[in-house]
Amino acid sequence: MSQCAEDLVSGENEEESNGINLMEFSDEILLHILSYVPCTDLVLNVNKDKVKQLMRDIGKEIYQLNMAGCYWLPSSTTDHLTRCKNLVKLNLSGCRITSLRLSKMLSTLQHLRSLAIDVNPGFDASQLSSECKATLSRVSELKQTLYTPSYGVVPCCTSLEKLLLYFEILDRSREGFMLSGQLMVGESNVPHYQNLRVFYARLAPGYVNQEVVRLYLAVLSDRTPENLHAFLISAPGSFAETGATKNLLDSMARNVRLDALQLPKAWLNGSGLLQHLKFNNPFYFSFSRCTLSGGHLIQRVINGGKDLKSLTSLNLSGCVHCLAPESLFRRAEDDIDSSILESLVVSCCNLRHLNLSAAHHHSSESIGNHLCQLLSRLKHLLSLALPVCSITDVAANVEKPSTQPNAVPQTCGKKIRVGVQTYPRNLTEQACQKVESSVFWTLMRSLRFLETLEIIGSSFSSAMPRNEPAIRNSLPPCVRAQSVGDSEVAAISQLTYLQSLTLAQLPNIVTGSGLVSIGLQCQHLRTLSLANLGMMGKMVYMSALMDMLKHCKCLRDLRLEQPYLSAGAQFFQALSHCSSLQRLCIVSRSGTLQSDAVMSFMASCLEVVMCHMFMGESLTVCKNLQQSIVRSFQADRPALNVVIFPLLHEDLTEVIRDVPMRHLDEITLFKSRVAEEPPNLWW
């Protein structure tokens, strides 16, 4: 049993001694309590027989069923959902289901109003029965993940108010043939958007995804729904504007008032669109990777300081000029204009999610105008993403040399002594002495209720990009970031309610002492992602990381990306203290692992259902270990997903395409997740 569960049980026993028993609560109260338990805790070890039994026992009483990410269940499992005749909401994202089984199931669910499904190769809309189509005609919310060019069930959903589309279509087949974005012959091309209020599309890299989404947008360009209030398209790379999309945007500018907006960068860059769009009570904006200047941001979005208290989520990731008045003659590394950030903070005082990553936001030496000082006014923040270079004290960065002894470029490794404790014993006291007066320390002290924090180097890129070979070389960190290290990490330990932490490309990590402080103080930490910390030729913080892990009793997801990582017996023994751990991902160029240590870890951590390791070991070693893990633990852990493969192998992309989307999107691929989507986009 995990430490978190033990704490719950001990609390329950204490309640019993006082005459209160958890099981005496009403069903309504118990359901409310369970609503705070992540669905991963409830379903990761369920099998088809348990689903069958559950549906037989209480199927008629289920009104909302979330089976998202149950990739291990056979398609036949959905046959038992026909017992849930009162279902109103059903989420089957990530579940295997054929067209015929979908038709049979939906034919019995006459009360269904919300549906999430995947559309895989072989899907055939002509196999959907008239009863199934009748159910779909009443569905008002649809989330559809596409792995093949298709409209899926969209044309059957004539009452749609919310449409979420995730395009995950690959450009090439397994045999290497180029795929086309053309839809299957006979598919209807008339989706019904007249009642649409929310349109969201997220595209994975690839031209086929772009071709298919244009087909979905074609109907919108002919007639824009008058009730549309959220229009969001997330597209990586270049997604060119066409005549049809321009007509759509012009129509939106004339006919609708939006509350949420996200557009591909090519649709915004250099256009006056923002000047013409009308907003009602906006709660979400994303201008990720756009060349929008701070001047335009203030004038066209905030109207020169207009009250935007309704805005709760803002994504300016990769928007390199968003805190500068002009972008024409500005260099990316020039100082920001603090007055622009101050206007943003004052106007959007209720922000809960803010992403400023993937850009150089350098503060000037003006007293009181540092980025961290201004952000400390946002008392409602729950999640925050910042570039490393934005959190450094300007004076300290200019005057103080690096605290790293005999500092060398990150491309060179430097030996350190092993076998001794290399970080100070009194971590909190030492950290306080060094950084209590720093702007970042003050920011962390001000945002005590922060749950998610990302500090990512502005030039950081993961060794595992999507659909491409592994990157062998990384860009050096920003000069302003060179002094950021252990003391700044220690400041994060003030975040008592922190649940998710991402640190990437912090150059001045010498011992990792701040990590131990976080392990001791941040007892709610559930997700930890560390990448390229300190010198690149040696993982200098391994000793501190192992000490940290001994305190992370609630940690569920751990992602480590570091060259030359040595995953041996000591590391996995320390990791075994994380009794709640469910997912582990290690990415390490020239990294090594100890197979028997991995097996011992898997045997001791009974909750682990995902183990991904991409390192420097040979293909034979990787395959043998993967087979051993599957053979030993798959029977008791139906959801177990194991991928162990050489990072630089030419077939890595083929291996990646078989990883369940749930794991690939949430942990295996590195990305900034703060304000990635509007809050509460799907139930």
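Cut-offs and rules
- Residues numbered from 1 in each chain as written.
- Predicted model: local features only at pLDDT ≥ 70, side-chain atom pairs only at ≥ 80, totals over all residues.
- Heavy atoms only, no water.
- Helix = DSSP H or I, 4+ residues; strand = E, 2+ residues; numbered from the N terminus.
- Buried < 20%, exposed > 50% of the residue type's maximum accessible area, 1.4 Å probe, protein only.
- Contact = heavy atoms within 4.5 Å.
- Areas by Shrake-Rupley, 256 points an atom, 1.4 Å probe, with all protein chains shown as cover.
- Phe/Tyr/Trp six-rings, centres within 6.5 Å; stacked < 30°, edge-to-face > 60°.
- Axes fitted to C-alpha atoms, helices over the stretch in contact; angles between N-to-C directions.
- Parallel < 35°, antiparallel > 145°, perpendicular 65-115°, else oblique.
- Left-handed = near helix turned anticlockwise from the far one by under 90°.
- pLDDT = per-residue confidence, 0-100.
- Nonpolar A, V, L, I, M, F, W, Y, C, P; charged D, E, K, R; others polar.
- Pairing = 2+ DSSP bridges.
- Patch = residues over 30% accessible without salt bridge, like charges linked within 9 Å, V, L, I, M, F, W, Y side chains within 5 Å.
- Salt bridge = Lys/Arg side-chain N within 4 Å of Asp/Glu carboxyl O.
- Lys, Arg positive; Asp, Glu negative; His and termini not counted.
- Charge placed at Lys NZ, Arg CZ, Asp CG, Glu CD.
- Polar contact = N/O pair within 3.5 Å; in protein donor to acceptor, adjacent residues only side chain to side chain.
- Expected span 1.5 Å × (residues − 1).
- Core = buried A, V, L, I, M, F, W, Y, C linked by side-chain atoms within 4.5 Å.

Undergrad: Please provide a residue-by-residue account of the overall build of the protein, values included.
TA: Helix and strand counts for the protein stand at 24 helices and 21 strands. Taken across its 683 residues, the protein has 52% of its residues classed as buried. Taking as baseline every contact in the protein between residues at least 6 positions apart, the subset at least 24 positions apart corresponds to 78%. As presented, the protein carries roughly 29200 Å² of accessible surface, and 50% of it is formed by carbon and sulfur atoms.

Undergrad: I'd like to hear about the packing of aromatic side chains, residue by residue, with values.
TA: Describing an aromatic ring pair means giving the distance of the ring centres and the angle of the ring planes. Evaluation of the coordinates by the stated rule reveals 14 aromatic pairs. Centre to centre, the rings of Tyr71 and Trp72 are 5.0 Å apart; their planes meet at 85°, and the pair counts as edge-to-face. The same class applies to Tyr71 as to Trp72, namely buried. Between the aromatic rings of Phe279 and Phe285, the centroid separation amounts to 4.9 Å while the plane-to-plane angle is 75°, which identifies the pairing as edge-to-face. Both residues of the pair, Phe279 and Phe285, belong to the buried class. Put simply, the rings of Tyr151, Phe167 and Tyr216 pair up and form one aromatic cluster.

Undergrad: Requested: an account of the packing of helix H5 (residues 99–106) against helix H6 (residues 130–138), with residues and values cited.
TA: For the pair H5 and H6, the least separation of the axes is 8 Å and the interaxial angle reads 70°. Classified by the angle their axes make, H5 and H6 are roughly perpendicular. In terms of crossing hand, the pair formed by H5 and H6 is left-handed. Contacts between H5 and H6 involve Leu102, Ser103 and Leu106 from the former and Cys132, Thr135 and Leu136 from the latter.

Undergrad: Describe in detail the confidence of the model for the protein, supporting the description with residues and values.
TA: Scored by pLDDT, the protein comes out at a mean of 88, with 87% of its residues at no less than 70. Scored below 50 in pLDDT, residues 5–17 shows seven contacts in the model against residues more than four places distant or in partner chains. Below pLDDT 50 for its whole length, residues 398–421 participates in 28 contacts with residues either more than four positions away or in separate chains.

Undergrad: A description of unusual backbone geometry should follow, citing residues and the corresponding values.
TA: It is generally the case that most residues other than glycine have a negative phi and that most peptide bonds are trans. With a phi angle near 65°, Tyr564 is a residue other than glycine that sits in the positive phi range. Structurally, Tyr564 can be placed in the loop between strand E16 (557–561) and strand E17 (566–567). On the accessibility criterion, Tyr564 (41% relative accessible area) is partly exposed. One non-glycine residue, Ala675, lies in positive phi territory at about 55°. When you line up the elements, Ala675 lands in the segment after helix H24 (661–668). Looking at Ala675, the relative accessible area reads 6%, which means it is buried.

Undergrad: Any chance you could break down the packing of helix H7 (residues 207–222) against helix H8 (residues 243–255) for me, citing the residues and the numbers?
TA: Remark: H7 packs on H8, axes separated minimally by 9 Å, with the N-to-C direction vectors making an angle of 45°. In terms of their interaxial angle, H7 and H8 are classed as oblique. Like other packed secondary-structure pairs, H7 and H8 cross with a definite hand, here left-handed. The residues of H8 that touch H7, namely those facing Arg214, Leu217, Leu220 and Ser221, are Ala244, Thr245 and Leu248. In terms of residue class, the contact of H7 with H8 is made up of four nonpolar, two polar and one charged.

Undergrad: Tell me about the pairing of strand E8 (residues 257–262), residues and numbers included.
TA: E8 sits mainly inside the fold: five of its six residues count as buried. In the sheet, strand E7 (residues 230–234) pairs with E8 via three bridges, with the strands oriented parallel. Of the residues in E8, the one forming a bridge with Ala230 is Ala260. Two elements, E8 and strand E9 (residues 278–286), share five bridges in a ladder whose sense is parallel. Note on E9: the bridge partner recorded for Leu258 is Phe279.

Undergrad: So what about a positive patch on the surface? Which residues, and what values?
TA: A surface patch of like charges, here positive, comprises Lys52, Arg56, Lys60, Arg83 and Lys85. By the secondary structure assignment, Lys52 is in helix H4 (residues 48–58). On the basis of relative accessible area, Lys52 is assigned to the partly exposed category, the value being 36%.

Undergrad: Describe the side chain of Asn355, and please don't skip the residues or the numbers.
TA: Structurally, Asn355 can be placed in strand E11 (residues 353–355). Only 2.9 Å separates the side chain of Asn355 from the backbone oxygen of Val674, close enough to count as a polar contact. Contact partners of Asn355, with chain neighbours within four places excluded, come to Leu314, Asn315, Leu316, Ser317, Ala385, Ser672, Val674 and Ala675.

Undergrad: So, the pairing of strand E18 (residues 583–587): which residues are in play, and what are the values?
TA: Burial analysis of E18 places five of its five residues in the buried class, which makes it a mostly covered element. Burial of the side chains of E18 extends over both faces: Arg583, Cys585 and Val587 are buried on one face and Leu584 and Ile586 on the other. Here E16 runs beside E18; their pairing, made up of five bridges, is parallel. Note that in E18 the partner of Arg559 across the bridge is Cys585. Strand direction decides the pairing type here: E18 and strand E20 (residues 610–615), joined by five bridges, are parallel. Bridging from a neighbouring strand, Arg583 pairs with Met610 of E20.

Undergrad: Residue-level account of the environment of Lys162, with values.
TA: Structurally, Lys162 can be placed in strand E5 (residues 162–167). Residue Lys162 is classed as buried on the basis of its relative accessible area, which comes to 18%. For the pair formed by Lys162 and Lys143, sequence separation is 19 residues and the distance between their alpha carbons is 8.2 Å. The residues contacting Lys162, other than those within four sequence positions of it, are Ser140, Glu141, Leu142, Leu196, Val198, Asn680, Leu681 and Trp682. In terms of polar contacts, Lys162 uses its side chain to reach the backbone carbonyl oxygen of Leu681, at 3.1 Å.

Undergrad: Please give an account of H8 that cites residues and values.
TA: Compared with the 18 Å implied by 1.5 Å per residue over 13 residues, the 18 Å span of H8 between its first and last C-alpha is a close match. Those residues of H8 not exposed but buried are Thr245, Leu248, Leu249, Ser251, Met252 and Ala253. For H8, the elements touching its buried residues are H7, E7, E8, helix H9 (265–268), helix H10 (273–276) and E9.

Undergrad: Could you give me a rundown of the environment of His321, with the residues and numbers involved?
TA: Turning to its location among the elements, His321 is positioned in the loop between strand E10 (313–315) and helix H12 (338–347). When the C-alpha atoms of His321 and His361 are compared, they prove to be 8.7 Å apart, with 40 residues separating the residues in sequence.

Undergrad: Give a detailed account of the nonpolar core, specifying residues and quantitative values.
TA: If you look at the biggest cluster of nonpolar residues, it comprises 179 residues, and the most contacted ones within it are Phe199, Phe231, Leu375 and Phe571. With seven residues, H7 is the single largest residue contributor to this core. Apart from residues no more than four positions distant in its own chain, Leu375 is found in contact with Leu341, Val345, Leu354, Leu356, Leu384, Leu386, Leu443 and Leu447.

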